[in-house]
Amino acid sequence: MKLVTILSLISLSACALFDRHPNSGYLSYPGDEASESHDIYELKAMGDEHEAREVLGVLARPLTNDERLVVETRLRLKRQEERLATKREKKQYFDLRSGLKSDRDRLYFLSLPNFEARERWAQNRGLAATTDEVYSDDIAKVVDANDIAVGMSQKAVMESWGDPDAVEIAGDPVYGYERWKYNRYISGSDGYEKELRIVYFEGGRVVGWERP
């Protein structure tokens, strides 16, 4: 009887070792959320490095110190490119990217504080400007939202809404009195419906609009 009791106690102790409370600090499974998240980020980093190695043509062998530096710079550049937040910033960068001679130049360009600073830097170095016009922050936000606002230039309206379906000019063209017509497709209760929008310009700037 004593032997049975001892064996039972040993068995219970062994079970206690494997059946830990979730708050004990010991509970851990290979497929838990933290492990999965870690694996996802690790796999992404490995994929980015593989892509950088492939571009440099050094897939099959260990990297030299110089090659390692080049790969790390390429990875930093990729992360900076992914941080570009607006369509205007992306257009500016990718229009100029081929004119920037190295990944270091591209990294420096992306480290500049805002769109205007990058535009000035590019112009001072004789690189083609992305636009003939640098928008204010307020207008840039409107363009990025695919909207229009009073005071916008015709170029900004085209960047936001595209080319107009029709253009009507009133009086002498030198005064810039124009009416642009857009057929916009608006989501409604019965699906998408075509809606006419008319934008009015004076001196090349938006002064108003209407939906007849």
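Residues numbered from 1 in each chain as written. Predicted model: local features only at pLDDT ≥ 70, side-chain atom pairs only at ≥ 80, totals over all residues. Heavy atoms only, no water.

**Some thoughts on the overall build of the protein chain**
Within the protein chain one finds eight helices and four strands. Going from N to C terminus, the protein chain has its helices and strands arranged as α-α-α-α-α-α-α-α-β-β-β-β. Out of the 212 residues in the protein chain, the part that is buried amounts to 27%. Pairs at least 24 residues apart make up 34% of the contacts formed inside the protein chain by residues separated by at least 6 positions. Of the roughly 15000 Å² of accessible surface on the protein chain, 53% is carried by carbon and sulfur atoms. (Helix = DSSP H or I, 4+ residues; strand = E, 2+ residues; numbered from the N terminus. Buried < 20%, exposed > 50% of the residue type's maximum accessible area, 1.4 Å probe, protein only. Contact = heavy atoms within 4.5 Å. Areas by Shrake-Rupley, 256 points an atom, 1.4 Å probe, with all protein chains shown as cover.)

**Observations regarding the packing of aromatic side chains**
Per the counting criterion, the structure on display carries six aromatic pairs. For the ring pair Trp-161 and Tyr-182, a centre distance of 5.2 Å and an interplane angle of 80° mean the geometry is edge-to-face. In this pair, Trp-161 is assigned in helix α8 (residues 154–161) and Tyr-182 in strand β2 (residues 178–188), connecting sequence segments 21 residues apart. Accessibility classification places Trp-161 together with Tyr-182 in one group, the buried group. Their ring planes at 50° and their centres at 4.5 Å tell us that Trp-180 and Phe-201 sit as a pair that is tilted. (Phe/Tyr/Trp six-rings, centres within 6.5 Å; stacked < 30°, edge-to-face > 60°.)

**Some words on helix α5 (residues 103–111)**
For α5, the set of buried residues is Asp-103, Arg-106, Leu-107, Phe-109 and Leu-110. Down the axis of α5, the buried side of the element spans an arc of 160°, and every buried residue falls inside it. (Arc of directions from axis to C-beta.)

**A look at the packing of helix α4 (residues 87–96) against helix α6 (residues 115–124)**
When two helices pack together, their arrangement is given by the angle between the helix axes and the distance between those axes. Between α4 and α6, the least distance of the axes is 11 Å, while the angle of their chain directions is 20°. Classified by the interaxial angle, the pair formed by α4 and α6 is roughly parallel. As for how α4 packs across α6, the hand of that crossing is left-handed. Across the interface between the two elements, Arg-88, Glu-89, Gln-92 and Leu-96 of α4 pack against Phe-115, Glu-116, Arg-118, Glu-119 and Ala-122 of α6. For the contact of α4 with α6, the residue count by class is three nonpolar, one polar and five charged. (Axes fitted to C-alpha atoms, helices over the stretch in contact; angles between N-to-C directions. Parallel < 35°, antiparallel > 145°, perpendicular 65-115°, else oblique. Left-handed = near helix turned anticlockwise from the far one by under 90°. Nonpolar A, V, L, I, M, F, W, Y, C, P; charged D, E, K, R; others polar.)

**Some thoughts on the pattern of salt bridges**
Tallied over the full model, the rule gives ten salt bridges. In this structure, Lys-91 and Asp-95 form a salt bridge, with 2.9 Å as the shortest nitrogen-oxygen distance. In this pair, Lys-91 and Asp-95 are both assigned in helix α4, four residues apart and thus about one turn of the helix distant. Judged by relative accessible area, Asp-95 falls into the partly exposed class, the value being 45%. The residue Arg-106 makes a salt bridge to Asp-103 at a minimum N-O spacing of 2.8 Å. You can see Arg-106 and its partner Asp-103 sitting in helix α5, three residues apart, about one turn around the helix. The two residues Arg-106 and Asp-103 agree in class, both being buried. Residues joined in a network through salt bridges with shared partners are Arg-74, Asp-103 and Arg-106. (Salt bridge = Lys/Arg side-chain N within 4 Å of Asp/Glu carboxyl O.)

**Details of a positive patch on the surface**
Together, Arg-76, Arg-79, Arg-83 and Arg-104 line one region of the surface with positive charge. Topologically, Arg-79 is positioned in helix α3 (residues 65–82). On the accessibility criterion, Arg-79 (42% relative accessible area) is partly exposed. (Patch = residues over 30% accessible without salt bridge, like charges linked within 9 Å, V, L, I, M, F, W, Y side chains within 5 Å. Lys, Arg positive; Asp, Glu negative; His and termini not counted. Charge placed at Lys NZ, Arg CZ, Asp CG, Glu CD.)

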